[in-house]
Amino acid sequence: MPDWVTVAVRERVEAMLIRGLLAAAGLPVRLVGEALGEIYGFHTGPLGIVQIQVPAAVTEQARQILGGFQEESKNGG
């Protein structure tokens, strides 16, 4: 069982987008805290926060992908 590392903390909708981005790159990914949004209907604010985690072995790769995603978002891409 791998050690999981949190690479980002986002609101639920953005976390799901990032999960898809990392999964498309072939990385294992899991969302921690997503169930709270489903159960209680919180999708924004403090109770809608989700941790995006990947195995420790692919942490750097995930951070590079996220860095590119964040840069593209800033540039309106």
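Look a little higher up for the structure.
Given the structure is predicted, the values throughout are model-derived calculations rather than measurements.

A.B. asks: Explain helix H1 (residues 12-24) to me, please; I cannot follow it from the model alone.
C.D. replies: Spacing of three or four residues puts side chains on the same side of an α-helix, whose turn is 3.6 residues. Taking 1.5 Å per residue as the helical rise, H1 with its 13 residues ought to reach 18 Å, and the 18 Å between its terminal C-alpha atoms agrees with that figure. For H1, the complete set of buried residues consists of Arg12, Ala15, Ile18 and Leu22. Along H1, the residues classed as buried sweep out an arc of 115 degrees about the axis, all on the same side. More than 90 degrees from the buried face of H1, the exposed residues found are Val13, Leu17 and Ala24. Looking one or two places after H1, you find Gly26, whose phi comes out positive at around 90 degrees.

A.B. asks: How should I be thinking about the sheet that holds strand S3 (residues 49-55) in this particular structure?
C.D. replies: Strand pairs in the sheet, formed through backbone hydrogen bonds, run parallel or antiparallel to each other. Sheet architecture is open: three strands sit in the order S1-S3-S2, paired in antiparallel fashion. In this open sheet, the two edge strands, each paired with only one partner strand, are strand S1 (4-11) and strand S2 (30-32). Across the sheet, the mean angle separating the axes of adjacent strands is 35 degrees when strand polarity is ignored. Most of the contacts of H1 go to S1, to which it runs at about 135 degrees, and overall it touches S1, S2 and S3.

A.B. asks: When you look at the pattern of salt bridges in this model, what are you seeing that I'm missing?
C.D. replies: Close approach of charged atoms allows side chains with opposite charge to pair. For the structure shown, the criterion picks out one salt bridge. As a salt-bridge pair, Glu14 and Arg10 come within 3.4 Å of each other at their nearest N and O atoms. The class for Glu14 is partly exposed, based on a relative accessible area of 35%.

Cut-off values and rules
- Residues numbered from 1 in each chain as written.
- Predicted model: local features only at pLDDT ≥ 70, side-chain atom pairs only at ≥ 80, totals over all residues.
- Heavy atoms only, no water.
- Helix = DSSP H or I, 4+ residues; strand = E, 2+ residues; numbered from the N terminus.
- Expected span 1.5 Å × (residues − 1).
- Buried < 20%, exposed > 50% of the residue type's maximum accessible area, 1.4 Å probe, protein only.
- Arc of directions from axis to C-beta.
- Pairing = 2+ DSSP bridges.
- Axes fitted to C-alpha atoms, helices over the stretch in contact; angles between N-to-C directions.
- Contact = heavy atoms within 4.5 Å.
- Salt bridge = Lys/Arg side-chain N within 4 Å of Asp/Glu carboxyl O.

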